[in-house]
Amino acid sequence: MEARMKSPANPDVTTAVQHLYKAIHAAGVDPRVLELVHLRASQINGCSPCVFAGVASAKKRGETDERLHNVVTWRETPFFTEAERAALALTEAATRIQDGAPGVTDEIWEAAAAHFDDGQLSAIILNVAMTNFFNRINRAVREQAGKTW
């Protein structure tokens, strides 16, 4: 499979995205949690370039292969904290919004709110949304894995 576009980036959009990521990272959420959130949403959406780049970025932040290989099975492994589990559950619920999906239930929200303040929750949700945004663009243009941003 080949990419449909060489460079779909628009400079104005790139600047806006940079501002959004600056806001995400200024909210006080552990950057490794944000990396796990990005990776899990990208796995759900089958976005190979975001999974590839997400793993590379998480490793730069000190993530281990053991944890990265088990993000997809986070419920069945002992490798994640309760806060990370709450963020991953929120990520899954906010990403899986197809017809009939319950989305973010009160139970999922309350579990996340027990570990993160409103500003941090906002940052996690924005990170999920940005990841889903890029996952959909990459799927549409058939962006290939192998790049990091």
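Residues numbered from 1 in each chain as written. Predicted model: local features only at pLDDT ≥ 70, side-chain atom pairs only at ≥ 80, totals over all residues. Heavy atoms only, no water.

Asks: Can you explain the overall build of the protein chain? Please cite residues and give values.
Replies: Along its length, the protein chain carries seven helices and zero strands. Secondary structure of the protein chain in N-to-C order comes out as α-α-α-α-α-α-α. Against the globule reference of 15 Å for 149 residues, the protein chain gives a C-alpha radius of gyration of 15 Å, in line with a compact fold. With the C-alpha coordinates of the protein chain rotated into their principal frame, the extents come out at 45 × 35 × 30 Å. Counting over 149 residues, the protein chain shows a buried share of 37%. Relative to all contacts within the protein chain whose residues are 6 or more apart in sequence, the contacts with residues 24 or more apart total 71%. Total accessible area on the protein chain stands at roughly 8500 Å², and carbon and sulfur atoms take up 55% of it. (Helix = DSSP H or I, 4+ residues; strand = E, 2+ residues; numbered from the N terminus. Rg over C-alpha atoms; globule rule 2.2 N^0.38 Å. Buried < 20%, exposed > 50% of the residue type's maximum accessible area, 1.4 Å probe, protein only. Contact = heavy atoms within 4.5 Å. Areas by Shrake-Rupley, 256 points an atom, 1.4 Å probe, with all protein chains shown as cover.)

Asks: Report on the environment of Asp30, specifying residues and quantitative values.
Replies: Here Asp30 shows up in the loop between α1 (11-25) and α2 (31-45). Classification of Asp30 as partly exposed rests on a relative accessible area of 40%. Of note is the side chain of Asp30, whose polar atom sits 2.8 Å from the backbone nitrogen of Arg32. (Polar contact = N/O pair within 3.5 Å; in protein donor to acceptor, adjacent residues only side chain to side chain.)

Asks: Which residues make up the environment of Glu2, and what values go with them?
Replies: Of note, Glu2 is situated in the segment before α1. Using a relative accessible area of 67% as the deciding quantity, one classes Glu2 as exposed. Between the C-alpha atom of Glu2 and that of Gln144, which follows or precedes it by 142 residues, the distance is 7.1 Å. In contact with Glu2, other than residues within four places in its own chain, are Arg142 and Gln144.

Asks: Which residues make up the nonpolar core, and what values do they have?
Replies: One finds Val29, Val33, Val37, Ala87, Phe116 and Ile124 to be the most contacted residues of the largest nonpolar core, which totals 16 residues. Contributing elements (two or more residues each) for this core: α1, α2, α5 (82-95) and α7 (118-141). If you tally residues by element for this core, the top one is α7, at five residues. Those residues within four positions of Val37 in sequence are excluded, and the remaining contacts are Ala87, Leu88, Thr91, Ile124, Asn127 and Val128. Core analysis: the next-biggest nonpolar cluster, separate from the first, contains nine residues, Leu39, Val71, Phe80 and Ala89 among them. (Core = buried A, V, L, I, M, F, W, Y, C linked by side-chain atoms within 4.5 Å.)

Asks: How would you sum up the packing of α2 against α7? Please name residues and give values.
Replies: Axis angle and axis distance: for two packed helices, these are the angle between their axes and the distance between the axes, and together they describe the pair. At a minimum axis distance of 9 Å, the contact between α2 and α7 shows a crossing angle of 40°. As for how α2 packs across α7, the hand of that crossing is right-handed. Counted together, Leu34, Val37, His38, Ala41, Ser42 and Asn45 of α2 and Ile124, Asn127, Val128, Thr131, Asn132, Asn135, Arg136 and Arg139 of α7 form the full contact between these two elements. Class assignment for the residues of the contact of α2 with α7 results in five nonpolar, seven polar and two charged. (Axes fitted to C-alpha atoms, helices over the stretch in contact; angles between N-to-C directions. Left-handed = near helix turned anticlockwise from the far one by under 90°. Nonpolar A, V, L, I, M, F, W, Y, C, P; charged D, E, K, R; others polar.)

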